[in-house]
Amino acid sequence: MSELEKAVSLLTSSSSDQHIGTPDNASSIPTITSATPVQSADRTPCQDRGAKAWLTVLGAATLLFCCGQLTAFGVFETWYSEHQLSDVAPSTISWIGSIQLWILYFSGAFLGRIFDAYGPHVILIPGSILLVFSTMITSVCTKFYQFLIVQGLLTGLSYGMLFYPSFASISTHFTKLRATAVGIAIAGSGVGGVVFPIVFRQLFVRIGFGWTTRMSGFILLVLCIVGNTTITSRLPSQRKFISPLPDARILRDTPFVLLVLGCFFVNFGLFIPFTYVSNYSVTHGIPSSTSFYIVSAMNGGSVVGRIVPALVADCIGRFNIAAPSALLMALLALVFWTFARSLVPIIAFAVLYGCFAGAFLAMQIPCVTQISDMKEVGTRIGVLYSVASFAVLAGGPTAGAVLQAGGGSYIGMVMLCGMLNLIGSLLILWSKMRVNRRMFARV
């Protein structure tokens, strides 16, 4: 199970960058020649510099490193199947990780609304406490239902409470360098996705499951303190009662709806290789001890993908990175993965796919915020991830069902992955064209 991932920024109500989302108004959409939004709805320009802005990036990267622990669930799953839950089917154990990731995504719409009204710390502080608490309690769990509630539900919710305020806070500080700042922050989860699986795999054997998990809890406590003391929002809290449900008017914003649909399809297929590339390599004669590191190589590629394309995106446009990244993931699955049957080609596929997957994950939130008002940015990010949560939840089981229906042949599953990414890339391109009809416009 891979990390999720994801990042954040905005578009303002200035006439030079504003889009009109309904088809009826399509003819009046102004041309966007720059990816740089102007002033936000509160008429206070983002500075793209200063200690508070970059400390927020540091704090977000620190908290997202904690969320990178989500990627280590494969190590937990293997350990559980051999120890605490040896009498439970592996497919049942996998629901712990699936619920964890789904809760992270699905909680976005509600947490985003709270952020827009009250700022980051009303979410970050209880989220940090919940993460440390649930990690410590996991160390003493012995039954499946205990792991499902504690590691699945509680830890997944705590990840969401760290994830969304971190990205939304960055968006309030940056305009021109928004994608770069988001890319640096989201790289934290990629680094965590590389470090945690290796550390857990080694320490489970050396000091045991309980103390390894408790030790990670103490590390998370320190990291959460750093994150909570460095993250700030440029916008003052509104401190008013809000409905927990998003405003239905966003459904009339055609570019946003198309972007959400595109991200839904891409997230449906994106995590399939992360979940199955290890087993795929084993079926082609690669030792299981080596196949484990293929996933780490894929996560390592995603770290590069989260940073380097983000630097380019601030120059050529965020949509101009997101759509091609999804398209290249589709081509890698349909053309490369299909014929990768030995160690070197599989590793090459893993690194390349991880790189473009990281680029896409880093661009989701900047794309949302580029076509959103600052005061709605938390809500819109949350809506996108809440919708995508159902794709993330269904992706693994659907791929598994296709694999089983194919009698163990991976061809059908690979085709499914490629086609989902292809459909998503086309929808994102359509969204971009609704913002600006020029193919190579800086959007």
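Residues numbered from 1 in each chain as written. Predicted model: local features only at pLDDT ≥ 70, side-chain atom pairs only at ≥ 80, totals over all residues. Heavy atoms only, no water.

Details of the side chain of S166
In step 1: Following the sequence through the fold, S166 ends up in helix α6 (residues 144-173).
In step 2: Look at S166 and you get buried, because its relative accessible area is 0%.
In step 3: With sequence-adjacent residues up to four places away left out, S166 is seen in contact with A60, L63, L124 and I231. (Helix = DSSP H or I, 4+ residues; strand = E, 2+ residues; numbered from the N terminus. Buried < 20%, exposed > 50% of the residue type's maximum accessible area, 1.4 Å probe, protein only. Contact = heavy atoms within 4.5 Å.)

Regarding empty space enclosed by the protein
In step 1: Throughout the structure, instances matching the rule amount to one cavity of 30 Å³ or more.
In step 2: The computed volume of the largest cavity comes to approximately 110 Å³.
In step 3: For the largest cavity, the lining is made up of 13 residues, of which Q69, F76, Q151, T155 and Y159 are closest to its centre.
In step 4: Contributions of two or more residues to the lining of the largest cavity are made by α2 (73-82), α5 (121-138), α6 and α8 (209-230).
In step 5: Residue contributions to the lining of the largest cavity peak at three residues, all from α6.
In step 6: Looking at the lining of the largest cavity residue by residue, the classes come out as five nonpolar, eight polar and no charged. (1 Å grid on protein atoms, 1.4 Å probe; cavity = no way out; pocket = protein on both sides within 12 Å on 5 of 7 lines; lining within 4 Å. Points joined across faces, edges and corners; volume = space filled by probe spheres on them. Nonpolar A, V, L, I, M, F, W, Y, C, P; charged D, E, K, R; others polar.)

Side note on the confidence of the model for the chain
In step 1: Of the residues in the chain, 86% reach a pLDDT of 70 or more, and the chain-wide mean stands at 82.
In step 2: Taking the mean pLDDT of every element in the chain, the minimum, 81, falls on α2 and the maximum, 95, on α5. (pLDDT = per-residue confidence, 0-100.)

A short note on the packing of aromatic side chains
In step 1: Going through the model one piece at a time under the given rule, you end up with 31 aromatic pairs.
In step 2: On the numbers, 5.2 Å between centres and 65 degrees between planes, the contact of Y105 with Y385 is edge-to-face. Highlighted residues: Y105 in helix α3 (residues 90-106) and Y385 in helix α14 (residues 377-405), separated in sequence by 280 residues.
In step 3: On the basis of relative accessible area, Y105 is assigned to the buried category, the value being 1%.
In step 4: Owing to a relative accessible area of 1%, Y385 belongs among the buried residues under this scheme.
In step 5: On the basis of an interplanar angle of 75 degrees and a centroid distance of 6.1 Å, the ring pair of F264 and F268 is categorised as edge-to-face. Here F264 and its partner F268 are both found in helix α9 (residues 254-270), four residues apart, which amounts to about one turn of the helix.
In step 6: Among the residues examined, F268 registers a relative accessible area of 15% and is labelled buried.
In step 7: Put simply, the rings of F65, F76, W79, Y80, F147, F196, F200, F204 and F209 pair up and form one aromatic cluster.
In step 8: Directly above the aromatic system of W211 lies the positively charged group of R214, at a separation of 4.4 Å from the ring centroid.
In step 9: The positively charged end of R380 is found above the aromatic ring belonging to F256, 4.9 Å away from the centroid. (Phe/Tyr/Trp six-rings, centres within 6.5 Å; stacked < 30°, edge-to-face > 60°. Lys NZ or Arg CZ within 6 Å of the ring centre and 35° of its normal.)

Some points on a nonpolar patch on the surface
In step 1: The grouping of V191, V195, V199, I207, W211, M215, F218, I219, L221 and I225 at the surface amounts to a nonpolar patch, some 850 Å² of accessible area in total.
In step 2: Taken together, the elements giving at least two residues each to the nonpolar patch come down to α7 (178-207) and α8.
In step 3: Among the elements that take part in the nonpolar patch, α8 stands out by supplying six residues, more than any other.
In step 4: Locating L221 in the fold gives a position in helix α8. (Patch = residues over 30% accessible without salt bridge, like charges linked within 9 Å, V, L, I, M, F, W, Y side chains within 5 Å. Areas by Shrake-Rupley, 256 points an atom, 1.4 Å probe, with all protein chains shown as cover. Salt bridge = Lys/Arg side-chain N within 4 Å of Asp/Glu carboxyl O.)

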